[in-house]
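What follows is each chain in one-letter form.
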Amino acid sequence: MIYKVWNVPKYVLIFFIMILASLDGVLISSLFKNLIDLASQDNPQEFLQLICVILLIYAIVLLSNYIYNRMKYQFVFDANLYIKKKIMQNFLLQDSRAYSEAEVKKETISFFMNDLKLLETNYIISFFDMYLYFFYAFTAFVYSFFIDSVVALIFLAFSLIPSIVPVLFKKVLADRTKNWSTLNQDYTETLSETIESSEEIKEFHTETIFIKRFFSRVFETEKSFLILNNMQSLSVLVIGSISILCYIFPLAIGGYFVMSQQTSLSNLIAVFFASNRIITPVKLAINIYNQFNSVKTIREKVEEVLQKDITKSQKKYLPVEKISIKSGNVSLGGNLILKNIQLDLTNKDKVLVVGESGAGKSILLNLVKGNLPLDEGDYIIEPKNSILNIAYQKDFIFKDSLSFNILFSNELVSEELNNIFEIDNKFPKMIDYQGKNLSGGQIKRINLARILSHGSSLLLDEPFQGLSTKQSSSIEKYLLKHTDFLMISSHVLHEENLSKYSKYIVVENKTITVYKELSEFKKTNYYQQNIHRI
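Residues numbered from 1 in each chain as written. Predicted model: local features only at pLDDT ≥ 70, side-chain atom pairs only at ≥ 80, totals over all residues. Heavy atoms only, no water.

## A look at the nonpolar core
(1) Moving on: Core analysis: the largest hydrophobic core is formed by 39 residues, its most contacted members being F421, L460 and L479.
(2) Moving on: Among the elements that take part in this core, helix α15 (residues 440-452) stands out by supplying six residues, more than any other.
(3) Moving on: Within the second largest apolar cluster, 35 residues are counted, among which are M18, V76, L118 and I124. (Core = buried A, V, L, I, M, F, W, Y, C linked by side-chain atoms within 4.5 Å. Buried < 20%, exposed > 50% of the residue type's maximum accessible area, 1.4 Å probe, protein only. Helix = DSSP H or I, 4+ residues; strand = E, 2+ residues; numbered from the N terminus.)

Written out as structure tokens, the structure is:
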């Protein structure tokens, strides 16, 4: 995942900068060694030269650290852009069906809001730091090895012991993270449910119940996160304790070597200071590695997305010619919704779908679109790459310009669309989040203008809700005249437009009945019972 963000030269450059920055680990060690060696000599000039060299190298090291930090945070910036773009591409370009879309939406929002932030904190920001700490340790060890190989190997041996500890915590940290991620998803869903249904909660005076329910989810999620943090703290404590012991023991052995004249005091002091740049960086690198394990599940999710071929298909979509459903049955949640569907539609059909609320009109439109699978029967659309646009009952508005909300660009909306949908000066040029500066009727007209400007074969689910009788009749008349294929489900019937439909479908008792003549449709119970609405 990390290696896909930058090109190779950038990685080479930042690793080179790390090498220069890691010289910081040997400067103090070198200074003390040379000071001890010069203590027995009366040579001020050589001492000044030593100080000048140390200062020069320090300047290079400080500059390298500055460049490293700039590059690291640039990488965080680039990685966030890269990952978030890929995840959104995967969400918008995947072949997601209506029956699974709601769940995918919830998971994607939770992933953006929660998981990616944890990934940034525990992985992306720390990725190069881990390598920098290893460079610190490696540079310090090489320097120590050339001073006194035996003492250096002793310090190295003890510095490697703490690296065993993370293996003990690897699985438990991954399990704790997975559990937190699952509970956090549940919390996000409960939060969304509680806020979106606040009117119903207040209406039934169940505020206390839902506050208790919400707090229960908060407690479970925060408790899980606390357990995760406590486990990380325990791993840090164990590693820290072992690191201290690995710091003291080699120093004691080195002291014995000095007393037995197997090495010099200046060499021991140099290796001692350099070893601090072996044990401490290794310990920090191991801590970061532990953080990596804590987001292993999240990294696997992201890696799965990044490995997908999610480039938009360039195939050409053709106008629909024919749609057929033969002996179709469809169920949702184990409940039979529609049975024995027999339906043949052509590219010039204008179809009106009526039925009581909950009868299955929206389901039928989604079946015609191909969004829902049939439990039994055959669904045929010709050609297979037909373009067929559907507008759902829920209208969507974007926080952008009025033009973008209709055309998905900032081009001017045609005068014809402006006139038929009455998009006048009363509409704001810039739309607020969720259309807070629009009325319900304005939102509906924007959505109808949008779908009509992007296709001529349309499926419209209750398109006239929130519109006046005059507006809905005028828009329906325009749709019937300016579309090739049109299928509308509606409770609103306009007598003056009924004759312009070629088929009438009544959905009732889990079946659909198709009428090809208006006179036959007017004899139905549905028409007779709802004639007062016309």
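## Observations concerning the pattern of salt bridges
(1) Moving on: Counting across every chain of the model gives 13 salt bridges.
(2) Moving on: Residue K171 is joined to D175 by a salt bridge in which the shortest nitrogen-to-oxygen separation is 2.9 Å. Taken together, the residues K171 and D175, both in helix α7 (residues 165-196) and four residues apart, mark about one turn of the helix.
(3) Moving on: Classification of K171 by relative accessible area gives exposed; the value is 62%.
(4) Moving on: A salt bridge links D349 to K503; the nearest nitrogen and oxygen atoms lie 2.9 Å apart. Here D349, found in the loop between β3 (335-346) and β4 (350-355), pairs with K503, found in strand β10 (residues 503-508); they are 154 residues apart in sequence, far enough to count as distant.
(5) Moving on: Assessed through its relative accessible area of 11%, K503 is described here as buried. (Salt bridge = Lys/Arg side-chain N within 4 Å of Asp/Glu carboxyl O.)

## Topic: the sheet that holds β10
(1) Moving on: What the six strands build is an open sheet, ordered β7-β8-β9-β4-β10-β11; its pairing is mixed. The sheet is open, and its two borders are formed by β7 (389-391) and β11 (511-515), each paired with just one other strand. Neighbour-to-neighbour, the strand axes of the sheet open up by a mean angle of 15°, direction not taken into account.
(2) Moving on: Across five bridges, β10 lies against β11 in antiparallel orientation. Within β11, the residue paired with V506 across the bridge is T513.
(3) Moving on: Relative to strand β8 (residues 457-461), helix α12 (residues 361-369) is tilted by about 160°, and along the sheet it contacts β4, β7, β8, β9 (485-489), β10 and β11. (Pairing = 2+ DSSP bridges. Axes fitted to C-alpha atoms, helices over the stretch in contact; angles between N-to-C directions. Contact = heavy atoms within 4.5 Å.)

## Considerations on the packing of α7 against helix α10 (residues 265-294)
(1) Moving on: Between α7 and α10, the shortest axis-to-axis distance is 8 Å and the interhelical angle comes to 35°. As for how α7 packs across α10, the hand of that crossing is right-handed. Mapping the contact onto sequence places P166, K170, L173, A174 and T177 in α7 and I286, Y289, N290, N293 and S294 in α10.
(2) Moving on: Tallied by class, residues from the contact of α7 with α10 come to five nonpolar, four polar and one charged. (Left-handed = near helix turned anticlockwise from the far one by under 90°. Nonpolar A, V, L, I, M, F, W, Y, C, P; charged D, E, K, R; others polar.)

## Quick notes on empty space enclosed by the protein
(1) Moving on: Counted by the stated rule, this structure contains one cavity of 30 Å³ or more.
(2) Moving on: In this structure, the largest cavity encloses a volume near 50 Å³.
(3) Moving on: If you trace the largest cavity, you find it lined by A391, Y392, D395, K444, N447, L448, L460, D461 and P463.
(4) Moving on: When residues in the lining of the largest cavity are grouped by element, the largest group, three residues, is from α15.
(5) Moving on: Here the lining of the largest cavity is built from residues that sort into five nonpolar, one polar and three charged. (1 Å grid on protein atoms, 1.4 Å probe; cavity = no way out; pocket = protein on both sides within 12 Å on 5 of 7 lines; lining within 4 Å. Points joined across faces, edges and corners; volume = space filled by probe spheres on them.)

## As for unusual backbone geometry
(1) Moving on: Of the consecutive residues E382 and P383, the connecting peptide bond is found in the cis state with omega at -10°.
(2) Moving on: Mapped onto the fold, P383 is located in the loop between β5 (376-382) and β6 (386-387).
(3) Moving on: Residues other than glycine seldom take positive phi values, yet N340 does so here, at roughly 50°.
(4) Moving on: Structurally, N340 can be placed in strand β3.

## A word on the layout of surface pockets
(1) Moving on: One number sums up the size of the second largest pocket: a volume of about 470 Å³.
(2) Moving on: Contributing to the lining of the second largest pocket are 19 residues, with E107, T108, F111, K301 and V305 lying nearest its centre.
(3) Moving on: Of all the elements in the fold, those that place two or more residues in the lining of the second largest pocket are α3 (44-93), α4 (98-124), α7 and α11 (296-306).
(4) Moving on: Sort the elements by how many residues they give to the lining of the second largest pocket and α4 lands first, with six residues.
(5) Moving on: Within the lining of the second largest pocket, the residues separate by chemical class into five nonpolar, eight polar and six charged.

## Let's talk about the packing of helix α2 (residues 24-38) against α3
How two helices sit against one another is set out by the angle between their axes and by the gap between those axes.
(1) Moving on: In the contact formed by α2 and α3, the axes pass within 10 Å of each other and the chain directions differ by 175°. With respect to α3, the element α2 is oriented roughly antiparallel. Note on element contacts: α3 touches α2 through E46, F47, L50, I51, I54, I57, Y58 and V61, opposite D24, L27, I28, S30, L31, N34, L35 and L38.
(2) Moving on: Partitioned by chemical class, the residues of the contact of α2 with α3 number twelve nonpolar, two polar and two charged. (Parallel < 35°, antiparallel > 145°, perpendicular 65-115°, else oblique.)

## Structural notes on the packing of aromatic side chains
(1) Moving on: By the definition in use, this model includes 28 aromatic pairs.
(2) Moving on: Judged by centre distance (6.3 Å) and plane angle (40°), the rings of Y11 and F128 are tilted. Placement of the pair is Y11 in helix α1 (residues 8-21) and F128 in helix α5 (residues 127-147), with a sequence separation of 117 residues.
(3) Moving on: Its relative accessible area of 0% is what places F128 among the buried residues.
(4) Moving on: With 6.3 Å between their ring centres and 50° between their planes, Y256 and F257 make a pair best called tilted.
(5) Moving on: Its relative accessible area of 14% is what places F257 among the buried residues.
(6) Moving on: The structure contains a cluster of three or more aromatic residues connected by ring pairs, namely W6, Y11, F15, F75, Y123, F127, F128, Y131, F135 and F292.
(7) Moving on: Lying across the ring of Y123, R299 places its NZ or CZ 4.9 Å from the centre. (Phe/Tyr/Trp six-rings, centres within 6.5 Å; stacked < 30°, edge-to-face > 60°. Lys NZ or Arg CZ within 6 Å of the ring centre and 35° of its normal.)

## Topic: the sheet that holds strand β2 (residues 322-332)
(1) Moving on: Here we have three strands laid out as an open sheet, ordered β3-β2-β5, and antiparallel in their pairing. Each edge of the sheet is formed by a strand with only one pairing partner; in this case those strands are β3 and β5. On average, each strand axis in the sheet is inclined to that of its neighbour by 20°, with strand direction left out of account.

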